[in-house]
Amino acid sequence: SVTEGEHASSVNPVSLGAGQEDDIRSAIQSRLIPAVVHVSSSGVDLNVNDNQFAVFAGMLSGGGVQVSISGTNVTGPRVLLVNITDLKSFNLQSGSLVVTFDGQTVAEASSLAQVISPSSAPAAPSFVVIATSAGYQLLIAIPHFSTHIIQILPATLATLASEVSLDLPALILGLLVVSTVFAA
């Protein structure tokens, strides 16, 4: 959970350089990015392109998004892509953002390459925000796999941090039950 006193950090959206849009497409095709979450004003939609992953995403009450992701027989890092077109809730150009990974705040990377390059596998989760014509893309590096809970909170929710809680054991148990049902 986001802890009392934790505050939103200013985000610095980066622009895509030459070839980086192709890098993202290639990462989706190679399954380095096993799932894409779409956040719009009408809700959350999810595309999972690797059946080794169980991914669930939903809106948090009051705004923000929570994603639970687990991998079966997965080794190495992966990247989660979140397309954000809900610009009212997530005003990243002039706002702040909190990204948590299993309840711990995630640091912002300074470039797309730091997040998406499999050769420089991160030791800790990190994220980068990319400005697009439709909104923003948030890419979150996941250094290893088990079951993880990722929360993306706009600045307005970050100020209510003491009210945001995450029952990680209950979510993991629920995810495992659903994963077992799908596996069977």
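Preceding block: the structure.
Criteria and thresholds
Residues numbered from 1 in each chain as written. Predicted model: local features only at pLDDT ≥ 70, side-chain atom pairs only at ≥ 80, totals over all residues. Heavy atoms only, no water. Core = buried A, V, L, I, M, F, W, Y, C linked by side-chain atoms within 4.5 Å. Buried < 20%, exposed > 50% of the residue type's maximum accessible area, 1.4 Å probe, protein only. Helix = DSSP H or I, 4+ residues; strand = E, 2+ residues; numbered from the N terminus. Contact = heavy atoms within 4.5 Å. Salt bridge = Lys/Arg side-chain N within 4 Å of Asp/Glu carboxyl O.

J.: I keep staring at the nonpolar core and nothing clicks. Help me out?
T.: Here is a general trend for soluble globular proteins: nonpolar side chains tend to be buried in one another's company. Among the nonpolar cores identified, the biggest contains 25 residues, and L80, V82, V99, F127, L138, I140 and I150 are the most heavily contacted of them. For this core, the elements supplying multiple residues, two or more each, are β2 (35-40), β4 (53-59), β5 (65-71), β6 (78-84), β7 (96-101), β10 (126-131), β11 (136-142) and β12 (147-154). Looking at this core, the element that brings in the most residues is β11, giving four residues. If near-sequence neighbours (up to four positions away) are discounted, I140 is found in contact with R78, V79, L80, V99, V115, S126, F127, I150 and I152. With 15 residues, the next largest nonpolar core counts A27, V36, V79 and A141 among its residues.

J.: Any chance you could explain the pattern of salt bridges here in plain terms?
T.: Should the charged atoms of two oppositely charged side chains come close, the side chains can pair. Evaluated as defined, the whole model comprises two salt bridges. Salt-bridge contacts for R25 lead to E21; the nearest nitrogen and oxygen are separated by 3.5 Å. Taken together, the residues R25 and E21, both in helix α1 (residues 20-29) and four residues apart, mark about one turn of the helix. Residues D22 and R25 are paired through a salt bridge, measuring 2.8 Å at the closest nitrogen-oxygen approach. Taken as a pair, D22 and R25 lie in helix α1 at a separation of three residues, close to a single helical turn. We classify R25 as partly exposed; its relative accessible area is 43%. Through salt bridges with shared partners, a single network forms among E21, D22 and R25.

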